Amino acid sequence: MPADLKFLDALSESLGVSLAFCEDLTCCLSTPEGFEIQIESAPEQDAIVFTAALGPVPAGDERLLRHLLAANFLFQGTRGESVGLEESTDRAMLCRQFSPSRLSPAEGVELFRQFANTATRWRQHLAEVPASAAPPHSPAEALLRA
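Residues numbered from 1 in each chain as written. Predicted model: local features only at pLDDT ≥ 70, side-chain atom pairs only at ≥ 80, totals over all residues. Heavy atoms only, no water.

A. A look at the pattern of salt bridges. This structure, assessed with the given rule, holds 2 salt bridges. A salt bridge links Arg 96 to Glu 81, with the nearest nitrogen and oxygen atoms 3.7 Å apart. With a gap of 15 residues between them, Arg 96 in strand E5 (residues 91-98) and Glu 81 in the loop between helix H2 (62-72) and strand E4 (82-86) connect regions that are remote in the sequence. For the pair Arg 96 and Glu 81, one class covers both residues: buried. Between Glu 86 and Arg 91 there is a salt bridge; the shortest N-O distance is 2.6 Å. Judged by relative accessible area, Arg 91 falls into the partly exposed class, the value being 31%. (Salt bridge = Lys/Arg side-chain N within 4 Å of Asp/Glu carboxyl O. Helix = DSSP H or I, 4+ residues; strand = E, 2+ residues; numbered from the N terminus. Buried < 20%, exposed > 50% of the residue type's maximum accessible area, 1.4 Å probe, protein only.)

Below you can see the structure in the form of structure tokens.
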């Protein structure tokens, strides 16, 4: 069985839900609150990619952009994930990639849990603090550091 499927089986067992990749090699998990994490298999790159929307990035909000970039620097506020801008939707996105053939399925599940925790904290942080009011080194940022 390919490593990406072993990972997805382990994640299914861990979460207690049945998961499968669609024809486009993606699998989307969502909560009743509308929080979604996409899992994409890229077998040609020996990679699995996690992606989650964090929230909107209003045009011209330099303070929010600086805040997100500061968190991304040396992964200080993202625990190894990266923050980026999905230009087509103007949303801040959290992403992580790993090689399923280099990690055990259990290690992949742990990376997923860490990713989900980081994404949840960032979504809450961006929803609670208006971006224009968030100082670059707010107390919330300290909580988000790894």
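B. Geometry of the packing of helix H1 (residues 3-15) against helix H3 (residues 105-128). One can describe the packing of H1 onto H3 by two numbers: an axis separation of 8 Å at closest approach and a directional angle of 60°. The orientation of H1 relative to H3 falls into the category oblique. For the pair H1 and H3, the crossing hand works out as right-handed. Facing H1, whose interface residues are Lys 6, Phe 7, Ala 10, Leu 11, Ser 14 and Leu 15, H3 presents Pro 105, Gly 108, Val 109, Phe 112 and Arg 113. For the contact of H1 with H3, a count of residues per class yields 7 nonpolar, 2 polar and 2 charged. (Axes fitted to C-alpha atoms, helices over the stretch in contact; angles between N-to-C directions. Parallel < 35°, antiparallel > 145°, perpendicular 65-115°, else oblique. Left-handed = near helix turned anticlockwise from the far one by under 90°. Contact = heavy atoms within 4.5 Å. Nonpolar A, V, L, I, M, F, W, Y, C, P; charged D, E, K, R; others polar.)

C. Quick look at the layout of surface pockets. Reported here for the largest pocket is a volume of approximately 160 Å³. Listing elements by their share of the lining of the largest pocket, those giving two or more residues are strand E2 (36-42), strand E3 (47-56) and E5. A breakdown of the residues in the lining of the largest pocket according to their chemical character gives 6 nonpolar, 3 polar and 3 charged. (1 Å grid on protein atoms, 1.4 Å probe; cavity = no way out; pocket = protein on both sides within 12 Å on 5 of 7 lines; lining within 4 Å. Points joined across faces, edges and corners; volume = space filled by probe spheres on them.)

D. Fine view of the sheet that holds strand E1 (residues 26-30). Taken together, 5 strands build an open sheet; the order of strands is E1-E2-E3-E5-E4 and the sheet is antiparallel. Each of the sheet's edge strands pairs with one partner strand only, and the pair in question is E1 and E4. Ignoring strand direction, the axes of neighbouring strands in this sheet form an average angle of 25°. Pairing of E1 with E2, which is carried by 5 bridges, proceeds in the antiparallel orientation. Each residue of the ladder has a partner; that of Leu 29, found in E2, is Ile 37. (Pairing = 2+ DSSP bridges.)

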